[in-house]
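Structure assessment
One letter stands for each residue in the lines below.
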2 protein chains.
Amino acid sequence: MKDTDRFWSPALRGLRAYTPGEQPQGDGWIKLNTNENPYPPSALALQRMAEVVNDSLRLYPDPQALALRETIAGQHGLQVDQVFVGNGSDEVLAHAFMGLLRHGRPVLVPDISYSFYPVYCGLYGITCQQVPLDDDFRVRVADYLQPNGGVVLPNPNAPTGIVLPLDALRWLLERNTESVVVIDEAYVDFGAESAAALINEFPQLLVIQTLSKSRALAGLRVGFALGHADLIRALTTVKDSFNSYPLDRVALAGAQAALADQAHFTDTTQRIVASREWLATRLAALGFECLPSSANFLLARHPQRSAAQLQQALRERKILVRHFNQPRIADHLRITVGSQAECEALVDALSDLLAPIQNANEVASA
Amino acid sequence: MKDTDRFWSPALRGLRAYTPGEQPQGDGWIKLNTNENPYPPSALALQRMAEVVNDSLRLYPDPQALALRETIAGQHGLQVDQVFVGNGSDEVLAHAFMGLLRHGRPVLVPDISYSFYPVYCGLYGITCQQVPLDDDFRVRVADYLQPNGGVVLPNPNAPTGIVLPLDALRWLLERNTESVVVIDEAYVDFGAESAAALINEFPQLLVIQTLSKSRALAGLRVGFALGHADLIRALTTVKDSFNSYPLDRVALAGAQAALADQAHFTDTTQRIVASREWLATRLAALGFECLPSSANFLLARHPQRSAAQLQQALRERKILVRHFNQPRIADHLRITVGSQAECEALVDALSDLLAPIQNANEVASA
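Reference entry: report on the structure contained in this document. (Residues numbered from 1 in each chain as written. Chains lettered and ligands numbered in written order. Predicted model: local features only at pLDDT ≥ 70, side-chain atom pairs only at ≥ 80, totals over all residues. Heavy atoms only, no water.)

**Section: the packing of aromatic side chains**
- A full pass over the atoms with the stated rule returns 19 aromatic pairs over all chains.
- Their ring planes at 90 degrees and their centres at 5.4 Å tell us that Y114 of chain B and Y117 of chain B sit as a pair that is edge-to-face.
- Owing to a relative accessible area of 1%, Y117 of chain B belongs among the buried residues under this scheme.
- Measuring from centroid to centroid gives 4.8 Å for Y187 of chain B and F297 of chain B, while their planes differ by 85 degrees, and the two rings are edge-to-face. Placement of Y187 of chain B in the loop between β6 (181-184) and β7 (205-210) and of F297 of chain B in strand β10 (residues 297-301) is noted, with a sequence separation of 110 residues between them.
- Here F297 of chain B falls in the buried class, since its relative accessible area comes to 0%.
- Joined through ring pairs, the aromatic side chains of Y18, F97, Y114, F116, Y117 and Y120 of chain A make up one cluster.
- Above the ring of Y39 of chain A, the side-chain terminus of R271 of chain A is found at 4.1 Å from the ring centroid. (Phe/Tyr/Trp six-rings, centres within 6.5 Å; stacked < 30°, edge-to-face > 60°. Buried < 20%, exposed > 50% of the residue type's maximum accessible area, 1.4 Å probe, protein only. Helix = DSSP H or I, 4+ residues; strand = E, 2+ residues; numbered from the N terminus. Lys NZ or Arg CZ within 6 Å of the ring centre and 35° of its normal.)

This is how it looks when you write it as structure tokens:
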């Protein structure tokens, strides 16, 4: 124990923080490791941001972020008091764990899921109970019918990409009525149906979305939550006890304009979905097994090659993909769907790396 | 109790959140209520921000904020691992309460001070012990020599504006060696000496600064902490368990450029200090008692007029000042030092409002 360790709050010791994907310095990388959007943000959003980079930055932003929340509410057919915004959906999730999921009972999350959930639990002293996905890596909602202080499900799930149909979620919400169910929809716009449509039916439902993925604004840090006004008030109470102004003026303006640009959104998400289907087909042709993804990434394993070694070999060719060294998916790579050109470069590199195996397989089956 | 209250984490009930100063909508206000800078941010910073409002926003920011932290470290003669950055100094403070001040013993703060400190304590289940300022509203460091889980002192203090000399702080640091001492230097650039110079001597010292005041970037949300690398690691552990990327790309770039623009900084802070001295003299001439301020605001009371009524009367003239309805300072107004023109408008309005009293006093003393 170091001399200065006594200064750390005891609850911090043993905390295992989240490790974000690598952000490489320098150019020339094909970055398929952090599920960023390969296409630029809305030009209208960039223009609006440039407009607010001016003397008004000397003034605090609107602590209530009213204009942005009104835009979001309008898009989802909700009232403004059913919308909360934060500094990226990670902050919104953190406030949800603090404000809505700390009840002295375990919070249920899938065993293969966003690895930040157990970290939040650690930070706030919540027991995290991991519920196994089934053998096909699917969420079985019936497994969540057990005493809990809350349920957190990403939809589509990450890093599997597998979607949970809305009727399965409804089935769960009809039975889990005494604790909050958080649906983390970071990837919803690439092929899932939003649970936002269920909010006025279920007061325990909190839906969280982000502008980092489908809106191509990971660098701007904006996320939001939708839910019953009483849930939103809990998040606001945490926020106003933590940081009154979580979103700067540029982020507020940019987010509002990006959400309003439906044409750019539709165009780019459709291109990503098309590239995903193309990439899945090509990966299968190379011998990979891909889970059926409704997100902007694929989780894939090659039966004859170690995922860690493949990741490293791709890295040497300046292609980054993500590998999670954890049970059940240690054989898999999570590959972000890049632009079509990036997907093609990846397939070329993999073809090259797998050529010896391909050749051997052809000989064996000949 | 509402039907949905069961969803709130129990610890949230009874929490009294911080109330930020009013951000009025519409134009024409003279805003002397939230200690914003009356001058624009550095033109170089605005230019740099405009440059990064581009396609790169689709990518996550550097989670380590290395470039910005190197700039800050260089300016204070510290190593980069002695610097932490966050989404406004409010977030940095919150992480300090969570990571360094939760020890099951009370945290000591002045009774008249930044009203967010007790709120953080409430959020994290820390007992907040308020230590009275002396009758002249000064911090007596000897009063802090009592068992504690940490000490938090703003310097200059807010809303008094009174500075604590560095030798008094050193005296305290030599005696309070077993818990962290946080010096909140939000207003340091308007007339106090930074405790950053003591960091390499005292491993328990954490200094927190912001770009919201002297750098005129309240709308950008950037703050930072300086301290022993082990204290910074604690803050980083909290951050990486909360939100990996607290600063967006625009804020990172703008903050770095703003800190580098020393000429603009010196010019604008000097103008504010000059206006503060002018305003203090004129307020005294109107019968106000002003505390000696080293910040960009004045705490003033008029012996013959209620502060709440004065605030309201000023508001009707579209001038906002802040009134804290709390013991010991309920008779005072906290007046941000605006531009010289704004200060003159305030003095004109007050002269007008106080004319009946002035006249009566003149008659009485004739």
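**With respect to the relation of the copies chain B and chain A**
- The transformation that overlays chain B on chain A combines an axial shift of 0.0 Å with a rotation of 180 degrees, and the residual RMSD is 0.0 Å. The superposition of one copy onto the other is thereby described by a two-fold rotation axis. Relative to the rotation axis, the C-alpha of A50 of chain B is the closest in chain B, positioned 2.9 Å from it.
- Both copies share a contact surface, since 100% of the interface residues of chain B are interface residues in chain A too. (Least-squares fit on C-alpha atoms with pLDDT ≥ 70 in both. Contact = heavy atoms within 4.5 Å.)

**Side note on the pattern of salt bridges**
All names here are of chain B.
- Inspection of the entire model under this criterion finds 28 salt bridges over all chains.
- In this structure, E289 and R301 form a salt bridge, with 2.7 Å as the shortest nitrogen-oxygen distance. A residue pair is termed long-range when its members are at least 10 positions apart, and E289 in strand β9 (residues 289-290) and R301 in strand β10 qualify at 12 residues.
- With a closest N to O distance of 2.7 Å, R317 and D352 form a salt bridge. Linking R317 in the loop between α9 (307-316) and β11 (319-321) with D352 in helix α10 (residues 340-365), this pair joins segments that are 35 residues apart in sequence.
- In this structure R317 comes out as partly exposed when scored by relative accessible area, which is 39%. (Salt bridge = Lys/Arg side-chain N within 4 Å of Asp/Glu carboxyl O.)

**Re the interface of chain B and chain A**
- Counting residues at the interface gives 86 residues for chain B, matched by 86 residues for chain A.
- Taken together, both faces of the contact between chain B and chain A bury some 7,200 Å²; the carbon and sulfur share is 58%.
- Our count for the chain B to chain A interface comes out at two salt bridges.
- Among the salt bridges present, the one from R6 of chain B reaches E178 of chain A, with a minimum N-O distance of 2.9 Å.
- Only α1 (43-52), α3 (89-100), α4 (116-124), α6 (229-239) and α7 (249-260) of chain B provide two or more residues apiece to the side of chain B that touches chain A.
- With eight residues, the single largest contributor to the side of chain B that touches chain A is α3 of chain B.
- Here the side of chain B that touches chain A is composed, by residue class, of 47 nonpolar, 21 polar and 18 charged. (Buried area = accessible area lost by both parts, 1.4 Å probe. Nonpolar A, V, L, I, M, F, W, Y, C, P; charged D, E, K, R; others polar.)

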